[in-house]
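# Analysis of the macromolecular model
Each chain, written out:
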Amino acid sequence: MAHQLRQHGLPHFRASIPRCLRLAFALLITLNCLQIANSQKTNVGLIYESTKPEMEKIFQMAIAQANEDSGGELELHGIAVAIEPGNAFETSKKLCKMLRQNLVAVFGPTTDLAAKHAMSICDAKELPFIDTRWDFGVQMPTVNLYPHASQLALALKDLVVALEWSDTFTIIYETGEFLPTVNELLQMYGTAGPTITLRRYELDLNGDYRNVLRRIKNSGDYSFVVVGSMATLPEFFKQAQQVGLMTSDYRYIVGNLDLQTIDLEPFQHGDTNITGMRLVSPEMENVQNLAKALYETDDPFQNVSCPLTTNMALVYDGVQLLAETFKHVMFRAVPLNCNDASSWDKGYTLVNYMKSLSLNGLTGEVKFDYEGLRSDFTLDVIELSMSGMQKIGEWKTEDGFIANRPPPKIVEQDQRSLVNKSFVVITAISEPYGMLKETAAKLEGNDQFEGFGIELIEELGKKLGFSFTFRLQEDNKYGSFNPKTGKFDGMMLEIIEGRADMGITDLTMTSIREEGVDFTIPFMNLGIAILFRKPMKEPPKLFSFMSPFSGTVWMWLGIAYLSVSLTLFILGRISPTEWDNPYPCIEEPTELENQFSFPNCLWFSTGALLQQGSELAPKAYSTRTVASIWWFFTLILVSSYTANLAAFLTIESLSSPIENAEDLAANKGGVKYGAKVGGSTFTFFQDAKYPTYQKMYEFMRDNPEYMTSTNAEGVDRVENDNYAFLMESTTIEYITERRCSLTQVGSLLDEKGYGIAMRKNWPYRDILSQAVLELQEQGVLTKMKTKWWKEKRGGGACSDSSSDGGAVALELSNLGGVYLVLIVGSFFGVFVAILEMVLGVKERSDENKVSFKTELIEEFRFVMQCSGNTRPVKYPKNSSRSRSRSSRSRSHSRSHSRSSSKSSTLSVDSLPLDESKLHHISEHTKHAK
């Protein structure tokens, strides 16, 4: 039965297996085979920035070269992913995804933040991380192929010593990232070395280094060590040239190993000494072959630069070093997961083996010291010359700098000579750069044009021997880039499409325009400024006579006046000397009188303050001391007041609603503003990151009615309306020489230059740049500017137009406050006199029992007579008071007869009115004594 089952049931059982299950088994076997095959590949990862696609290309080329050199024994497989520069989150996400693919090593990105995140993940997984960037601190399991920072600092010091910078120099560094190298350099010198100044040029000002560079220029130093990244160094040198730091007086040592990758052609003919170091020599055959294959051209070294960066060469060498390691050891990689604690137990072993090897690569001999650092290497020392970048020696770790300057080359006649060449030069009508001659005669061709730009082309033509034909841009547009069409317009389009060879006018050199055309070095430096009407003269203040002293001084003067008066009052009452006998004929009076009452003290202080004095004379030492100090105080105060009074009465204050761009952005004084539509000035505000400039751009964008189509239209608006126009400073200087009601407000908002535009990669750019530089050095451009700005076409009309320097007569408006004080004081005196008269009349009428009205009328009639200095006493006091006084005397004598006989003194009230009786009493008093 069983035998029958085996013979007949098994085929039946196999037939019953579903076909889909058999297909699943086959697929599983296939995937297993693929996985085994994939595990036999040696996968290498690369994380690179999306802005550097050449990194992936050279990585794959290095992989292919390593596989070819291994003769089939090794099969490296490259896995590359692109990230946004500096995006740490994207780096972590993509690296974790790559770790599942059995990686044996990862080449990290070149931006610091992304590289540090990738390094930390590889450290946790014990996966070799190959770093190609500058990093002061290297840790396991990292293999850093970049020369160590301490050795680079030593190389910089050796160059400084070799170039004999013994007195002083300035270290200009980009950010705190480069401080370890700077610190190493400073520690090497210590306190006994030359004077070293530190300057940081990257201050988060949207790439504007000009303020720092101007301070460096004003410091008087001429030797600079520059330490920065390739992201900022090209712009650094460009702005250094704009502020005048790229002449023959200055010398630079650049501490970046990628100096040879910068386009140094604009500085090639400026005689500036620029010395640097490079790890990659374009003179090596393997470097040349790789560069040709990488850029698919037979001449990859253009514009005095080598496009192969140090990072790219280190990636190539790193792949070769990894391949060399796998020739000696073979470790099978495992998939890793960022979400668990898994790690590769062979990672540290692989790193240690890599650091024990050495090889000759694109960057020279690659080997590591006992700490795993690349501290033994050779650098080419290079220098910029008229013929380009040339090698002048080598620097080695053990030997230092070894000079090997080549002999000077005999300069042959330039094959790119402009002699007998003819060019079409396009220009636009813009005073004073390009203008039509003012003449009644009919002119044609070049004869119809004149101006600064026209004369500049003529000077260059005479100097270089070429001829030219001027052509006018009909629509007067210089050229702006349209992002929708991807094209320029105006003069730029004419040059790009070959209908003109050069363009000359007030054409600003911008990064966008340099993408379409080339420029010579700037023939004029300038910046954006504000054109506004001149400040209006303010009318003199009514109380301008109080201006010599501030309000605080006047307040303290008043306090001092009251304090001294009160002090005299108190001292007068304290001092016995100030109490006097009011009746000198009485030797022993019963009452004494003090002259320093509080009103008298105020009068005494007032007289001294106004330098007029008074009838009061201090007698006591205390009151005399206070009075003397007060007189001295008023002497100095009045002298200071008099000395400043003339200036404050004659100076006329000027007022303007705006002083700078901040006032303009805040709409201070209701001033509207605008710029030329589509010009470089408007583009500057459109691209600016500074909050004030962003606010100004938003205003101009939202108010197109304030924008103008030409500069002339903007200037007319400034003269006629409450309007400010934003334009180049040189044009403002030209306008203010002719329109005396206008001026420049505030400082420059940026710095830039005008250049001669030409086709991209035009072979004559260097010759023209050198000629422009020679014209600058010879003072020709300065003379031309003086001619066209201050002499031609009405120039100089506003120079010395205002004053002759003589004395200016004071107007009534200058002294109005003094007259007002006089009038108010006089009326106040009249008011007090009338009040005294009325109160006196009231007192007499009440005392003598007469009518107040009658008495007032009689008093008024007497006053109105206006003649005579005497008047009769209408109501004598003797007649009205004699009886009462005699009765009081008798009663007083009876009540005090005993005391009177003893004291032998008399009261004033007891004195008789008759002189004979008074004499009799006096004789009686003597007899009693």
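Residues numbered from 1 in each chain as written. Predicted model: local features only at pLDDT ≥ 70, side-chain atom pairs only at ≥ 80, totals over all residues. Heavy atoms only, no water.

The protein chain goes by Glutamate receptor ionotropic, kainate 2 in an unreviewed UniProt entry, where it is assigned to Ceratitis capitata. Recorded under Sequence similarities (unreviewed entry), the UniProt text for the protein chain is reproduced unchanged: "Belongs to the glutamate-gated ion channel (TC 1.A.10.1) family." (UniProt positions renumbered as here; feature names shortened; annotations may be inferred.)

This paragraph deals with the sheet that holds strand β4 (residues 129-131). Judged by pairing direction, the sheet is parallel, and its five strands sit side by side in the order β2-β1-β3-β4-β5 without closing on themselves. Each end of this open sheet is capped by a strand with a single partner; those strands are β2 (76-83) and β5 (142-144). Put simply, the sheet's adjacent strands are angled 20° from each other on average, direction ignored. Across three bridges, β4 lies against β5 in parallel orientation. The residue bridging Phe129 from the neighbouring strand is Thr142, located in β5. Contacts from helix α11 (residues 310-326) reach β1 (42-49), β2, β3 (103-107) and β4 within the one sheet, and its direction differs from that of β3 by about 160°. (Pairing = 2+ DSSP bridges. Helix = DSSP H or I, 4+ residues; strand = E, 2+ residues; numbered from the N terminus. Axes fitted to C-alpha atoms, helices over the stretch in contact; angles between N-to-C directions. Contact = heavy atoms within 4.5 Å.)

Strand order in the open sheet formed by eight strands is β7-β6-β8-β9-β10-β13-β14-β15, with mixed pairing between adjacent strands. In this open sheet, the two edge strands, each paired with only one partner strand, are β7 (195-200) and β15 (400-403). Within this sheet the neighbouring strands show an average axis-to-axis angle of 25°, counted without direction. Where strand β9 (residues 251-254) meets strand β10 (residues 273-278), three bridges bridge the pair, whose relative direction is parallel. Counterpart to Ile253 in the pairing with β10 is Thr275.

All right, on to the nonpolar core then. Soluble globular proteins: nonpolar side chains tend toward being buried together. Core analysis: the largest hydrophobic core is formed by 90 residues, its most contacted members being Val225, Leu308 and Leu379. Per-element accounting of this core gives the leading share, 10 residues, to α11. Shared between two domains, this core takes at least three residues from each, and those domains are domain 1 (42-146 + 310-363) and domain 2 (149-308 + 377-403). In this structure, Leu308 is in contact with Ile58, Gln260, Thr261, Val280, Val287, Leu290, Leu294, Tyr295 and Leu362, ignoring residues within four places of it in sequence. Membership of the second largest hydrophobic core comes to 38 residues, among which are Met524, Leu526, Leu768 and Leu781. (Core = buried A, V, L, I, M, F, W, Y, C linked by side-chain atoms within 4.5 Å. Buried < 20%, exposed > 50% of the residue type's maximum accessible area, 1.4 Å probe, protein only. Domains from an automatic or database assignment.)

Now for a nonpolar patch on the surface. Together, Leu566, Ile570, Ile574 and Phe598 line one region of the surface with nonpolar side chains, adding up to about 360 Å² of accessible area. Looking at the nonpolar patch element by element, the count peaks at three residues for helix α16 (residues 551-574). Within the fold, Phe598 resides in helix α17 (residues 598-609). (Patch = residues over 30% accessible without salt bridge, like charges linked within 9 Å, V, L, I, M, F, W, Y side chains within 5 Å. Areas by Shrake-Rupley, 256 points an atom, 1.4 Å probe, with all protein chains shown as cover. Salt bridge = Lys/Arg side-chain N within 4 Å of Asp/Glu carboxyl O.)

The subject of this paragraph is the packing of helix α3 (residues 53-69) against α11. The contact between α3 and α11 brings their axes to 9 Å, and the two run at 30°. Regarding the angle of α3 to α11, the classification is roughly parallel. Handedness of the crossing formed by α3 with α11: right-handed. Residue-level contacts link Glu54, Met55, Ile58, Phe59, Met61, Ala62, Ile63, Gln65, Ala66 and Asp69 of α3 to Asn311, Met312, Val315, Tyr316, Val319, Gln320 and Ala323 of α11. Within the contact of α3 with α11, the residues separate by chemical class into 12 nonpolar, three polar and two charged. (Parallel < 35°, antiparallel > 145°, perpendicular 65-115°, else oblique. Left-handed = near helix turned anticlockwise from the far one by under 90°. Nonpolar A, V, L, I, M, F, W, Y, C, P; charged D, E, K, R; others polar.)

Glancing now at the side chain of Asn711. Turning to its location among the elements, Asn711 is positioned in helix α22 (residues 711-720). The buried category is assigned to Asn711, whose relative accessible area is 18%. Once residues lying within four places of it in the same chain are set aside, the contact partners of Asn711 are Asp506, Lys676, Phe725 and Met727.

A few words on the state of the cysteines. Throughout the structure, instances matching the rule amount to one disulfide. One disulfide bridge connects Cys96 with Cys338, the sulfur atoms lying 2.1 Å from each other. Disulfide Cys96-Cys338: torsion about the S-S bond near -100°, hence left-handed. With Cys96 in helix α4 (residues 88-98) and Cys338 in the loop between α11 and α12 (347-356), this pair connects stretches of sequence that are 242 residues apart. (Disulfide = S-S within 2.5 Å.)

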